[in-house]
Structures are given as structure tokens and as C-alpha cells.
Amino acid sequence: VQLQASGGGLVQAWGSLSLSCAASGLTFRDYPMGWFRQAPGKEREFVAAITWSGGMTYYVNSVKGRFTISRDNAKNTVYLQMTSLKPEDTAVYYCAALRVIGPITTTDYNSSGRYWGQGTQVTVSS
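Residues numbered from 1 in each chain as written. Predicted model: local features only at pLDDT ≥ 70, side-chain atom pairs only at ≥ 80, totals over all residues. Heavy atoms only, no water.

A.B. asks: What am I meant to see in the nonpolar core here?
C.D. replies: In globular proteins that are soluble, nonpolar side chains generally tend to be buried together. By size, the foremost hydrophobic cluster in this structure holds 38 residues, and its most contacted members are Trp35, Val78, Leu80, Met82 and Tyr93. When residues in this core are grouped by element, the largest group, 6 residues, is from strand E9 (residues 91–98). (Core = buried A, V, L, I, M, F, W, Y, C linked by side-chain atoms within 4.5 Å. Buried < 20%, exposed > 50% of the residue type's maximum accessible area, 1.4 Å probe, protein only. Helix = DSSP H or I, 4+ residues; strand = E, 2+ residues; numbered from the N terminus.)

Shown next, in the form of C-alpha cells:
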């Protein structure tokens, strides 16, 4: 299984960036997908998740209204559109095929990743 994340880079605060994650070696439509991030010196945190068909999405509160997760099952790709970026969004962003999905309050996303991508760096300058 390979999850190839791309699209990271350097952007100014309030700018936008779009991440992609291309999956291979798995039946993509069988997995809910998620994005996570890890900032320097911090633990990895859940960012967003999307169900198998894309009908439901979940976000950490800090990105609601700014980030949008989507997927294209025909292209085996999941996306994360990020707008109004803040310096605190700076992190390495990882995509993952998930074991479980659901509301943040009832889902342990810390242990939800089944397969992980290699990460792409997002740096937001102030």
C-alpha cells in the first residue's frame, strides 16, 4: 500500500494551499480517509476525515470553516483544501486510510490509521 501526499509548501498567512494524497495497492473506496498533522515538538493530531463515499466529513474544531476534505474514488485520491491559513497550521501533513470514522467526540482518531502516507510539509509564514 502506498499513500503519496503532495502539495505542501510555503504560504503566507491567510493564503491557501491544496494537498492531494494518491493511493495505490488498496481498494480505495473501501476505506474512510483522513488527514493528520504534526507540528514540531507536538504530537500528531487529527485534522479531517471523510467517509467511503464522501457523504460525511469530520473536522477538528481549529480548522472548521477553513479546511475542506474531499475524495475522488475514480482517481483513488483524497484532497485537503486549506484556506485562511494561520502560522499555527504549520506542520507535516499526513494522509491515512482509516479503520474507523465518526464524530470526533466518539471516535479515537489517535489509533484510527490503518495505512499512512509519508507526509508533506506545510509552512505558513506570518
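A.B. asks: Any chance you could explain the side chain of Arg71 here in plain terms?
C.D. replies: Of note, Arg71 is situated in strand E7 (residues 67–72). Buried and without a salt bridge, Arg71 has Asp30 as its closest oppositely charged side chain, separated by 8.2 Å. There is a polar contact of 2.9 Å between the side chain of Arg71 and the backbone oxygen of Thr51. For Arg71, the side chain forms a polar contact with the side chain of Asn73, separated by 2.8 Å. (Lys, Arg positive; Asp, Glu negative; His and termini not counted. Salt bridge = Lys/Arg side-chain N within 4 Å of Asp/Glu carboxyl O. Polar contact = N/O pair within 3.5 Å; in protein donor to acceptor, adjacent residues only side chain to side chain.)

A.B. asks: What exactly am I supposed to notice about the sheet that holds strand E3 (residues 17–24) here?
C.D. replies: What the 4 strands build is an open sheet, ordered E1-E3-E8-E7; its pairing is antiparallel. Strand pairing shows two members of the sheet lacking a second neighbour, strand E1 (2–6) and E7, which therefore form its edges. Strand-to-strand twist across the sheet, computed as the mean angle between neighbouring axes with direction ignored, equals 15°. With 6 bridges connecting them, E3 and strand E8 (residues 77–82) associate as antiparallel partners. Across the sheet, residue Ser20 finds its bridge partner in E8, namely Tyr79. (Pairing = 2+ DSSP bridges. Axes fitted to C-alpha atoms, helices over the stretch in contact; angles between N-to-C directions.)

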